[in-house]
Amino acid sequence: FADKPEERIPMIGDSDVMSVLEDNKIDATGKKNNTINLQQALDNIPDNKILYFPPGTYLTGPLTLRGNIYLAAGAKIQGTIDPEAYRTESIEKSLLSFDKTTGAKLFGCGV
């Protein structure tokens, strides 16, 4: 089954959209681990905003999502190959998880 077409595609410049690249010191080439800066950006999404990931590769360890995240076509969240990044004292973490949020979503044509 094909996904239905997106009804509204968020765009940079929309009043409710903020780019993950804006003021976050995030690398979109896939060469630098962005875990800390990406998590800070995710933690600071205002309730009425969408955090927009433009095309690029975002290398990261585990992230906790707390808001609306849009992955544009060509945007890829790439998990680090370092297994230690996914371990804590008591649990193993997944790459992406939602926590302490209601109505948040991850959407778009990215991967």
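Computed from a predicted model, the values in this text were never measured in an experiment.

Trainee: How do you make sense of the pattern of salt bridges when you look at a structure like this?
Mentor: Pairing is possible between side chains of opposite charge, provided their charged atoms come close. What the rule picks out here adds up to three salt bridges. One salt bridge in this structure joins D43 and R66, with 2.5 Å as the shortest N-O distance. One end of the pair, D43, is in helix α1 (residues 35-43); the other, R66, is in the loop between β4 (63-65) and β5 (68-71), and 23 residues separate them in sequence. Close ionic contact of D99 with R66 constitutes a salt bridge, the shortest N to O distance being 3.9 Å. Note that D99 is positioned in the loop between β7 (96-98) and β8 (105-108) and R66 in the loop between β4 and β5, a separation of 33 residues in sequence. Residue classification places D99 among the partly exposed residues on the basis of a relative accessible area of 33%. Relative accessible area serves as the criterion here: at 30%, R66 is assigned to the partly exposed category. Taken together, the shared-partner salt bridges connect D43, R66 and D99 into one network.

Trainee: Would you take a moment to explain the sheet that holds strand β2 (residues 50-53) for this structure?
Mentor: Strand pairing in a sheet relies on backbone hydrogen bonds, with the paired strands running either antiparallel or parallel. The four strands are arranged β1-β2-β5-β8 in an open sheet whose pairing can be described as parallel. At either margin of the open sheet sits one strand with a lone partner, and together these are β1 (17-19) and β8. Between one strand and the next, the sheet's axes are offset by a mean angle of 30°, whatever the strand orientation. Pairing analysis gives three bridges linking β1 to β2, with the strands arranged parallel. Its bridge partner being in β2, V17 is matched across the sheet by I50.

Trainee: Teacher, can you tell me more about the side chain of N34 here?
Mentor: Positionally, N34 belongs in the loop between β1 and α1. On the accessibility criterion, N34 (1% relative accessible area) is buried. Here N34 is in contact with K25, I26, D27, Y58, L59 and T60, once residues within four sequence places are set aside.

Trainee: Teacher, can you tell me more about the packing of aromatic side chains here?
Mentor: In this description, a pair of aromatic rings is defined by centroid distance and the angle of the planes. This model, assessed by the stated rule, comprises three aromatic pairs. Ring centres of Y52 and Y70 lie 5.6 Å apart, and the angle between their planes is 20°; this geometry places the pair in the stacked category. Taken together, the residues span a long stretch of sequence, with Y52 in strand β2 and Y70 in strand β5 at a distance of 18 residues. Comparing Y52 with Y70 shows no difference in burial state: the two are buried. What links up through ring pairs into an aromatic cluster is the set Y52, Y70 and F107. Of note, K105 hangs over the ring of F107, and the distance from its end group to the ring centre comes to 4.5 Å.

Trainee: Explain the environment of T80 to me, please; I cannot follow it from the model alone.
Mentor: With respect to the helices and strands, the residue T80 is situated in the loop between β6 (75-79) and β7. Distance in space between the C-alpha atoms of T80 and L59 is 6.1 Å, their sequence separation being 21 residues. Those residues in contact with T80, other than ones at most four positions away along the chain, are N33, L59, T60, G61, A85 and Y86. Only 3.2 Å separates the side chain of T80 from the backbone nitrogen of D82, close enough to count as a polar contact.

Conventions used here
- Residues numbered from 1 in each chain as written.
- Predicted model: local features only at pLDDT ≥ 70, side-chain atom pairs only at ≥ 80, totals over all residues.
- Heavy atoms only, no water.
- Salt bridge = Lys/Arg side-chain N within 4 Å of Asp/Glu carboxyl O.
- Helix = DSSP H or I, 4+ residues; strand = E, 2+ residues; numbered from the N terminus.
- Buried < 20%, exposed > 50% of the residue type's maximum accessible area, 1.4 Å probe, protein only.
- Pairing = 2+ DSSP bridges.
- Axes fitted to C-alpha atoms, helices over the stretch in contact; angles between N-to-C directions.
- Contact = heavy atoms within 4.5 Å.
- Phe/Tyr/Trp six-rings, centres within 6.5 Å; stacked < 30°, edge-to-face > 60°.
- Lys NZ or Arg CZ within 6 Å of the ring centre and 35° of its normal.
- Polar contact = N/O pair within 3.5 Å; in protein donor to acceptor, adjacent residues only side chain to side chain.

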